[in-house]
Amino acid sequence: MNRRGEHDIVVVGGGPVGATLALALAGDGFDVALVEVREPQFGTREDALDPRVVALAPDAAALLRELGAWPLPFPERVGAYRHMRVWDASAPGELHVDAAERGEAALGWIVENRHLQHGVWSAFADRVTRICPAEAAAVESGAAPADGIDADGSDPVANRAVLELADGRRLRARVLAIADGADSPLRTRLGIGFVGRDYAQRAVVAHVATERPHQDTAWQRFVPGGPLAFLPLADGRSSIVWSLPSAEAERVLALDDAAFRAELGAASDFRLGPIVASSPRAAFPLRLREASRYVEGRCVLVGDAAHVVHPLAGQGVNLGLRDVACLRRVLAEARRRGTDIGAAHVLRRYARERRSENALAAHAFDLIERTFAPGSTPLAALRGAALSAAGRIGPLRRLLVDAAAGRI
């Protein structure tokens, strides 16, 4: 840091994606500050499991390993999934995906959101300037020269993005990376809108114990209300994500434990037998969002601030970590060329690459949701056959194996 409050990069948002970006860029030699609104509460290995989990893909785990954040602090709480089974309640047919088809040990790992954040923050050491707790109050996007060179060659402080905190402090950065979540206040302050839709659904989440073991398998059934997933946890339980119309989700949240376990078992077709125990339940709204642009001046959107997808494929955090890998590469290449890392053409390159993949993923998941959504009864006869065919056709099957492992 050359002047008080001045950094190469300021990252706003200390969740798994923002923290990983800060760790990666600091490891590459940039002067990085991370602003987070509240001090993270990581807990201990004896604490109850976080109800929010992430299906971490192999490329995401490889990035964390490179950065020294993987394995996570409590590896016994990380569950590998080696198989995936998908079927439809309205029609016969089933798809089975196996990691062995790619010669790999796992399709991915089920990780608690809080635990993942813990692993990344634990790897910071003294490489990242942490400004926490701190709330962003205002932002100036800063001028981004098109050719990467300031007009007078002096690279003035004025030509920076400026983040003003609620306590009056001002942070200046060549690049301000915004990773403050789906409802990003800074995205709104920059006047960046978004397109998308509200699914009028909520995802009910909990951890459950079943009569039969989960077999290191991610189970997903499309039921009339929405997709139901059982994700294998390391302790033998499963994390469930049950997408339901909002009113139905409220009803399910209000059930007593016995009634909830009975309804959940029936919805899962009792593939793992009766549900014998369940944790407290929580729910969160489901939305599709894509920011109208990823860049404003020297400010760039990352993770959920840029895109939000349906959780049925478990790819939200993985897409965010791919944002991290792309932005890291683009900024490192600019520095090697001696170019201002906040130049318009540098940040536009990141935006072009990530908008393309993120939009493709968002619309693919949206298409799946529409196909299996309530009211798509005319398609029911085709859905089971499609799942069966997908499992038999070689190229399509390989594509689905890649998708299950988060490679596309």
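Note: the structure precedes this text.
Bear in mind that the values here come from a model prediction, so they are computed numbers and not experimental data.

**Overview of the sheet that holds strand β7 (residues 108–112)**
Strands in a sheet are paired, the pairing made by backbone hydrogen bonds, and the direction either parallel or antiparallel. Here we have 3 strands laid out as an open sheet, ordered β3-β7-β4, and antiparallel in their pairing. Each edge of the open sheet carries a strand with a single partner, namely β3 (53–56) and β4 (79–81). Direction aside, neighbouring strands of the sheet carry axes that sit 25° apart on average. Relative to β7, β4 runs antiparallel, the two being bridged by 3 bridges. By the bridge assignment, Gly-79 is partnered in β7 with Ile-110. Contacts between helix α2 (residues 58–66) and the sheet are confined to β3 and β7, with β3 contributing the most and set at about 95° to the helix.

**Some thoughts on the environment of Val-204**
As for its position among the elements, Val-204 is in strand β12 (residues 194–210). With residues up to four places along the chain from it excluded, the contact list for Val-204 reads Ile-240, Val-241, Trp-242, Leu-244, Ala-249, Val-252, Leu-253, Arg-281, Ala-282 and Ala-283.

**Let's talk about the packing of helix α1 (residues 16–27) against helix α7 (residues 316–336)**
Two elements in contact, α1 and α7, have axes whose closest approach is 9 Å; the angle formed by their N-to-C orientations is 25°. The pairing of α1 with α7 is recorded here as roughly parallel in orientation. In this structure, α1 crosses over α7, and the sense of that crossing is right-handed. Across the interface between the two elements, Pro-16, Val-17, Thr-20, Leu-21, Ala-24 and Leu-25 from α1 touch Val-317, Gly-320, Leu-321, Val-324, Leu-327, Arg-328 and Leu-331 from α7. Within the contact of α1 with α7, the residues separate by chemical class into 10 nonpolar, 2 polar and 1 charged.

**Focus: unusual backbone geometry**
With omega at 5°, the peptide bond leading from Trp-70 into Pro-71 counts as cis. The residue Pro-71 is located in the loop between α2 and β4 in this model. Going from Cys-132 to Pro-133, the amide bond is cis rather than trans, its omega being 0°. Relative to the elements of secondary structure, Pro-133 occurs in the loop between β8 (128–131) and β9 (136–140). The phi dihedral of Gln-215 is positive, around 60°, even though this residue is not glycine. Here Gln-215 is to be found in the loop between β12 and β13 (217–223).

About the cut-offs
- Residues numbered from 1 in each chain as written.
- Predicted model: local features only at pLDDT ≥ 70, side-chain atom pairs only at ≥ 80, totals over all residues.
- Heavy atoms only, no water.
- Pairing = 2+ DSSP bridges.
- Helix = DSSP H or I, 4+ residues; strand = E, 2+ residues; numbered from the N terminus.
- Axes fitted to C-alpha atoms, helices over the stretch in contact; angles between N-to-C directions.
- Contact = heavy atoms within 4.5 Å.
- Parallel < 35°, antiparallel > 145°, perpendicular 65-115°, else oblique.
- Left-handed = near helix turned anticlockwise from the far one by under 90°.
- Nonpolar A, V, L, I, M, F, W, Y, C, P; charged D, E, K, R; others polar.

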